[in-house]
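Topology and contacts: notes
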Amino acid sequence: MIDTLESVYNGMRRAGKALIAPLRSGNGPNKFQLSAVDTATTTHDGDSGWAKRPPATIGCPRCGNDILQHNAYDDIDCPRCVASFNADEFSELELRGLTCPVCRDEMVHGQRHPEAFDIVEWATCDSCRYHWEFKHSYS
């Protein structure tokens, strides 16, 4: 009886592995491949628009210290030296990272149209799946 149950279990296990095999991508952290449609539904919360951009950490060009810009329209003032920049100068400064407004972890960010924009266009938090998009039009 035990041999029969073990045989059935092993057969079901092999069948499951055969069904999953085409979805496997390798031995890395991403075990499965998903289509763009599937990955687009993995975010739980999000915002769009420059006004709702997550807090940014910027490198001070004068002293090298980190400057936290809480809001996209705040002035950028270094807490360590006298450097001060307008919010409009954001694209000219070194962006070191964006902080998730939900869980406070660092976000993955990037540009989709670097030839058209000098600013970050999207950011996603791998911890809580919050996603931000810079909305724009081509007109």
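Starting from 1, residues in each chain are numbered consecutively following that chain's sequence as written. Restriction of local features to residues with pLDDT of at least 70 applies here, the model being predicted, together with a cutoff of 80 or more for giving and counting side-chain atom pairs; totals for whole chains, interfaces and linings are based on all residues. Excluded from the side-chain calculations are hydrogens and water; all other atoms, namely the structure's heavy atoms, are used.

**Digging into the overall build of the protein**
A run of H or I in DSSP counts as a helix once it spans at least four residues, and a run of E counts as a strand once it spans at least two, with each numbered from the N terminus. On a plain count of helices and strands, the protein comes out with two helices and nine strands. The classification of residues rests on relative accessible area computed with a 1.4 Å probe and restricted to protein chains. Under 20% of the type maximum is buried, over 50% is exposed, and intermediate values are partly exposed. Burial status across the protein gives 27% buried among its 139 residues. Contacts in the protein between residues far apart in sequence, at least 24 positions, make up 37% of those at least 6 positions apart. Of the roughly 9,600 Å² of accessible surface on the protein, 51% is carried by carbon and sulfur atoms. Every residue pair with non-hydrogen atoms within 4.5 Å of one another is taken to be in contact. For the area figures, the Shrake-Rupley method with a 1.4 Å probe applies, and any residue is considered shielded solely by the protein chains shown.

**Remarks on the packing of aromatic side chains**
The geometry of an aromatic ring pair is captured by two quantities: the separation of the ring centres and the angle between the planes. We call Phe, Tyr and Trp rings a pair once their centres come within 6.5 Å, taking the six-membered ring for Trp, and we label the pair stacked below 30 degrees between planes, edge-to-face above 60, and tilted otherwise. A full pass over the atoms with the stated rule returns three aromatic pairs. Here the aromatic rings of tryptophan 50 and phenylalanine 134 are separated by 5.8 Å at their centres, their planes lie at 85°, and the arrangement is edge-to-face. Pair noted here: tryptophan 50 is in the loop between β1 (45-48) and β2 (56-59) and phenylalanine 134 is in the segment after β9 (130-133), with a separation of 84 residues, a long-range link. Tryptophan 50 sits in the buried class, given a relative accessible area of 15%.

**Some points on the nonpolar core**
Counting residues in hydrophobic clusters, the biggest one holds 23 residues, and the most contacted among them are Trp50, Ile76, Phe90, Met107 and Trp132. Put simply, the parts of the chain that give this core at least two residues each are β2 and β9. For tryptophan 132, the residues in contact, after removing those within four places along its chain, are Asp47, Ser48, Gly49, Trp50, Lys52, Arg53, Pro54, Val120, Glu121, Trp122 and Ala123. Throughout this description, the term nonpolar core refers to a set of buried Ala, Val, Leu, Ile, Met, Phe, Trp, Tyr and Cys residues connected via side-chain atoms within 4.5 Å.

**Some thoughts on the pattern of salt bridges**
A pair is scored as a salt bridge if a Lys or Arg side-chain nitrogen falls within 4 Å of a carboxyl oxygen belonging to Asp or Glu. Inspection of the entire model under this criterion finds four salt bridges. Linking aspartate 66 and arginine 96 is a salt bridge whose minimum nitrogen-to-oxygen distance equals 2.4 Å. Of this pair, aspartate 66 sits in strand β3 (residues 66-69) while arginine 96 sits in strand β6 (residues 94-99), and the two are 30 residues apart along the sequence. On the basis of relative accessible area, aspartate 66 is assigned to the partly exposed category, the value being 41%. The closest approach of N and O atoms between aspartate 126 and arginine 129, which form a salt bridge, is 3.2 Å. Since its relative accessible area comes to 25%, arginine 129 is described here as partly exposed. The structure contains a network of salt bridges with shared partners spanning Asp66, Glu94 and Arg96.

**What about the sheet that holds β9?**
Strand pairing requires that DSSP identify at least two bridges connecting the strands. On the basis of which strands lie adjacent, the open sheet formed by seven strands has the order β1-β9-β8-β7-β6-β2-β3 and mixed pairing. Every other strand in the sheet has two partners, leaving β1 and β3 as the edge strands with one partner each. Looking at each pair of strands side by side, their axes are set apart by 25° on average, direction ignored. Sheet topology note: the strand β7 (residues 106-110)/strand β8 (residues 122-124) ladder contains three bridges and is antiparallel. Within β8, the residue paired with valine 108 across the bridge is threonine 124. Whenever a helix is involved, its axis is fitted only over the stretch in contact; in every case the axis is a line through C-alpha atoms, and angles between N-to-C directions fall within 0 to 180 degrees.

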